[in-house]
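Letter by letter, the chains look like this.
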Amino acid sequence: MIDRRPALVARCDGDEDVAAAVSFARDNELSLAVRGGGHGVAGHALCDGGLVIDLSQMTGVDVDPAGRTARAQGGCTLGDLDRETQRHGLATPLGVVSATGIAGLTLSGGIGWLRRKHGLSCDNLVSARVVTADGNLLAASESENEDLFWAIRGGGGNFGVVTSFEYRLHPVGPEVFFCNVYYPVDRAREVLQSCERYVSGAPDQVSPLGILGRIPNAEEFPPESHGEPYVALLALFPGAPAEGERALRPLRDITEPICDLSVASTYTKTQTILDDDYPDGRRYYWKSVNAPALSDELIERLAAHAAAAPSPDSTVDVWYQGGAMAHVGEEETAFANRSAPYLLGIEANWEAEADSAENVTWVRNAFADMRTFSAGGMYLNFPGFLEEGEQLLREGYGRNYERLSAVKAKYDPANLFRLNANIEPKS
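What comes next concerns the included structure.

**Details of the sheet that holds strand E1 (residues 8–11)**
The 3 strands lie next to each other as E1-E3-E2, forming an open sheet whose pairing is parallel. With partners counted over all chains shown, the strands left at the sheet margins are E1 and strand E2 (32–35), one partner each. Here the average twist between neighbouring strands, direction ignored, is 20°. Bridge count for E1 against strand E3 (residues 51–54) is 4 bridges, and the pairing is parallel. Of the residues in E3, the one forming a bridge with Ala 10 is Ile 53. The sheet strands contacting helix H1 (residues 15–27) are E1, E2 and E3, and the helix crosses E3 at an angle near 170°.

Shown next as structure tokens:
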């Protein structure tokens, strides 16, 4: 989807390289893009004719098991960080695809399998090192440059290049139980609303994801089901597998499934379960919207949009939120709209360039329809191409937008870091 040709790519080895590259771009008035670990589908990691700061060689991870923290460089993926922390039976909340870069994920929130138990990725950030527009390397934490620390927890890449992240860790794994059950789509209302009731009475450690799509032509699915529409429930239980099997059983017994691929496995392997759905080289366009309730009408519309997807690889997703991520105040971090109980994701995933217009149109039509059910807000890691501009950002940041604009003016008054979900500096 993204075809841009930068004039220069700076493949950085450390903080000083990043600082030199930022200063070079500023002094030479070049467009500046930043690539962390990858997976950013909006395409902000590239620019035409400018400089790309590429952090993909900066993948060091230092774990302090006694202090339950880990510092990871900005080019790390989820897989890089999980591999090191799981050696100690620890993890921090990250996403759901191991190839995702931790940087973009964390800076715009970070929702994953641990969100209701331990919050968002940005909620577990203890400190960060940030190269700002003047080329200085700053520490950001609750006690140093507090305004910058507040802003990078949800405000995206607007304020500088984060060269490393220090995360709080929690006991997770190494063995876990993962629910992965597929039901006929004509039971979507029963399945999604049963999951809603389950979440309302379940402990916060369970963070389900509902998916509506079409069964792939893969050997783990019954041959007669290939191509059939489904509604699936996926959830990870971070405790002992036997306890997880019992705790997640209600999600697997709602009605007769098409198939049940639930399994006890390692946490690191569970983090790769969705990897095959997002290979490099495929085309992607995703948008999202918050919803206050799963009404009968909304579920019917979700199923209809999923059935109308031009690509068999596309899905409509229901993220069950709340728990720990909602216990953080709306203005404690830049990440807003925490009280929304549901996030609806509309994902177009397809192969051929000739099919791009049709797939993008499908997402935009579904997005427009879903907004009629929303009280506002969305997840800015699923932003499409941010074609709505400032309107979308104001919805995404809510009442935090003006404060973010003021912090932007302090640390990047010339808007050097503008290839992102860009917040204009407050004049």
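**Here's the deal with the state of the cysteines**
Applying the stated rule across the entire model yields 0 disulfides. Cys 47 takes part in no disulfide bond, and the closest cysteine sulfur, belonging to Cys 12, lies 13 Å away. Classification of Cys 47 by relative accessible area gives buried; the value is 4%. Free cysteine Cys 179: the closest other cysteine sulfur is in Cys 195, separated by 8.3 Å. Note on Cys 179: relative accessible area 0%, which makes it buried.

**Observations concerning the sheet that holds strand E9 (residues 161–168)**
Taking strand neighbours across the sheet as the criterion, the 5 strands line up as E4-E5-E9-E7-E8 in an open arrangement whose pairing is antiparallel. The open sheet terminates on both sides in strands that have one partner only, identified here as strand E4 (61–64) and strand E8 (137–141). Geometrically, the sheet is characterised by an average inter-axis angle of 15° between neighbouring strands, direction not taken into account. When strand E7 (residues 125–131) meets E9, the two strands line up antiparallel, connected through 6 bridges. In the sheet register, Val 130 faces E9, and the bridge partner there is Val 162. Across the face of the sheet, H1 comes into contact with E7, E8 and E9 while running at roughly 50° to E7.

**Here's the deal with the nonpolar core**
In terms of nonpolar packing, the biggest core is built from 118 residues, with Ile 102, Ile 152, Leu 192, Leu 233 and Leu 248 touching the most fellow members. Among the elements that take part in this core, strand E13 (residues 229–237) stands out by supplying 8 residues, more than any other. Within the second largest apolar cluster, 18 residues are counted, among which are Ala 21, Leu 55, Val 161 and Leu 416.

**Side note on helix H9 (residues 296–307)**
The end-to-end C-alpha separation of H9 is 17 Å, in line with the 16 Å expected for 12 residues at 1.5 Å each. Among all positions in H9, only Leu 298, Ile 299, Leu 302, Ala 303, His 305 and Ala 306 are buried. One side of H9 holds all its buried residues, which, seen down the axis, span an arc of 165°. Exposed and oriented more than 90 degrees from the buried face of H9 are Glu 300 and Ala 307. Packing partners of the buried residues in H9 comprise helix H6 (188–201), strand E12 (209–214), strand E16 (283–291), strand E17 (315–320), strand E18 (342–350) and helix H11 (356–371).

**Considerations on the pattern of salt bridges**
Within this structure, the stated rule accounts for 30 salt bridges. A salt bridge links Arg 5 to Asp 3, with the shortest nitrogen-to-oxygen separation between them at 3.4 Å.

**Observations regarding H11**
Compared with the 22 Å implied by 1.5 Å per residue over 16 residues, the 23 Å span of H11 between its first and last C-alpha is a close match. Buried within H11 we find Ser 356, Asn 359, Val 360, Trp 362, Val 363, Ala 366, Phe 367, Asp 369 and Met 370.

**Thoughts on the packing of aromatic side chains**
Counted under the stated rule, the structure contains 13 aromatic pairs. Geometrically, the ring pair formed by Tyr 278 and Tyr 284 is tilted, given 6.1 Å between the ring centres and 35° between the ring planes. You can call Tyr 278 buried: its relative accessible area is 15%. According to the relative accessible area criterion, Tyr 284 is buried, its value standing at 11%. Seen in terms of ring centroids, Phe 335 and Tyr 379 are 6.3 Å apart; in terms of plane orientation they differ by 65°. Their pairing is edge-to-face. Note that Phe 335 is positioned in the loop between helix H10 (324–327) and E18 and Tyr 379 in the loop between H11 and helix H12 (390–397), a separation of 44 residues in sequence. Side by side, Phe 335 and Tyr 379 carry an identical accessibility label, which is buried. Grouped by ring-pair contacts, the aromatic residues Tyr 278, Tyr 284, Trp 286, Trp 319, Phe 335, Tyr 379 and Phe 382 constitute a single cluster. Taking NZ or CZ as reference, Lys 287 lies 4.8 Å from the ring centre of Phe 367, over its face. Geometry around Trp 150 places Arg 403 over its ring, the cationic atom sitting 3.8 Å from the centre.

Reading the values: rules and limits
Residues numbered from 1 in each chain as written. Predicted model: local features only at pLDDT ≥ 70, side-chain atom pairs only at ≥ 80, totals over all residues. Heavy atoms only, no water. Pairing = 2+ DSSP bridges. Helix = DSSP H or I, 4+ residues; strand = E, 2+ residues; numbered from the N terminus. Axes fitted to C-alpha atoms, helices over the stretch in contact; angles between N-to-C directions. Contact = heavy atoms within 4.5 Å. Disulfide = S-S within 2.5 Å. Buried < 20%, exposed > 50% of the residue type's maximum accessible area, 1.4 Å probe, protein only. Core = buried A, V, L, I, M, F, W, Y, C linked by side-chain atoms within 4.5 Å. Expected span 1.5 Å × (residues − 1). Arc of directions from axis to C-beta. Salt bridge = Lys/Arg side-chain N within 4 Å of Asp/Glu carboxyl O. Phe/Tyr/Trp six-rings, centres within 6.5 Å; stacked < 30°, edge-to-face > 60°. Lys NZ or Arg CZ within 6 Å of the ring centre and 35° of its normal.

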